[in-house]
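Observations on the three-dimensional arrangement
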Amino acid sequence: MSARILVVDDNRDLAHGVALALGKLPARVVVTSSAEEALDLLDQDPADVVLSDICMSGRDGLSLLDCVRERWSQTRVILLTGYGTVGSAVDAMKRGAFDYLTKPFDNDELLVVTGRALHEIQDEREIARLRAELRGTHDFHAI
């Protein structure tokens, strides 16, 4: 199964720039300009990682984070903001954000953080697969 990344930012140029930078990762990248559209896309095809701007018209990135954590608990959310403060970073992390990047960010930093999120998801899936395999091969009820 191919990894899927969803980039959410009401600045389409920035969103496409992020998507272009993420093109180096082994994942399919989808771009949208609103939290509402992001939720619709997630309903159709959940993403492994969501990168979202915090300050957007309509529903903001923190509200999107809350919805994603509630409905797709395995999805990692990385928040992006041009107005970063220690308080907003702490709030985001308490609410379940995987990470928090301030704009302008370095593309290498973006790749490292997003790659780390993808690897964590892969590791969790592999652990779940191995546990299921172990349960299937060790039937102790027959003893």
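Residues numbered from 1 in each chain as written. Predicted model: local features only at pLDDT ≥ 70, side-chain atom pairs only at ≥ 80, totals over all residues. Heavy atoms only, no water.

A word on the pattern of salt bridges. Inspection of every chain in the model, using the stated rule, returns 13 salt bridges. A salt bridge links R95 to D66; the shortest N-O distance between them is 2.5 Å. Note that R95 is positioned in the loop between α4 (86–94) and β5 (99–102) and D66 in helix α3 (residues 61–71), a separation of 29 residues in sequence. Here R95 falls in the partly exposed class, since its relative accessible area comes to 30%. For D66, a relative accessible area of 32% corresponds to the partly exposed category. (Salt bridge = Lys/Arg side-chain N within 4 Å of Asp/Glu carboxyl O. Helix = DSSP H or I, 4+ residues; strand = E, 2+ residues; numbered from the N terminus. Buried < 20%, exposed > 50% of the residue type's maximum accessible area, 1.4 Å probe, protein only.)

A word on the side chain of T81. Assignment of secondary structure puts T81 in strand β4 (residues 76–81). Ignoring anything within four residues of it in the chain, the contact list for T81 reads D53, I54, Y100, L101, T102 and K103. (Contact = heavy atoms within 4.5 Å.)

Residue P104 follows K103 across a cis peptide bond; omega there is -5 degrees. Turning to its location among the elements, P104 is positioned in the loop between β5 and α5 (107–137).

So, on to the sheet that holds strand β1 (residues 3–8). Across the sheet, five strands lie side by side as β2-β1-β3-β4-β5; this open sheet has parallel pairing. Here the strands that pair on one side only, and so sit at the sheet edges, are β2 (27–32) and β5. Each strand of the sheet is rotated relative to its neighbour by a mean of 20 degrees, with strand direction disregarded. As defined by bridge partners, strand β3 (residues 49–53) adjoins β4 across five bridges and the pair is classed as parallel. (Pairing = 2+ DSSP bridges. Axes fitted to C-alpha atoms, helices over the stretch in contact; angles between N-to-C directions.)

Structurally, the position occupied by D99 is in strand β5. A polar atom in the side chain of D99 sits 2.7 Å from the side chain of R116. The residues contacting D99, other than those within four sequence positions of it, are V77, I78, L79, M93, V113 and R116. (Polar contact = N/O pair within 3.5 Å; in protein donor to acceptor, adjacent residues only side chain to side chain.)

With that out of the way, let us pick up the pairing of β1. The element β1 is largely enclosed, with a buried count of six among its six residues. Burial along β1 is two-sided: the residues A3, I5 and V7 and R4, L6 and V8 are all buried. Pairing of β1 with β2 involves six bridges; the strand directions are parallel. Following the sheet pairing, I5 is matched in β2 by V29. On the question of chirality, the crossover connecting β1 to the parallel β2 by way of helix α1 (residues 12–22) is right-handed. (Right-handed = clockwise from strand over helix to strand, strands pointing away.)

The quantities given are spatial measurements derived from coordinates; they are silent on function.
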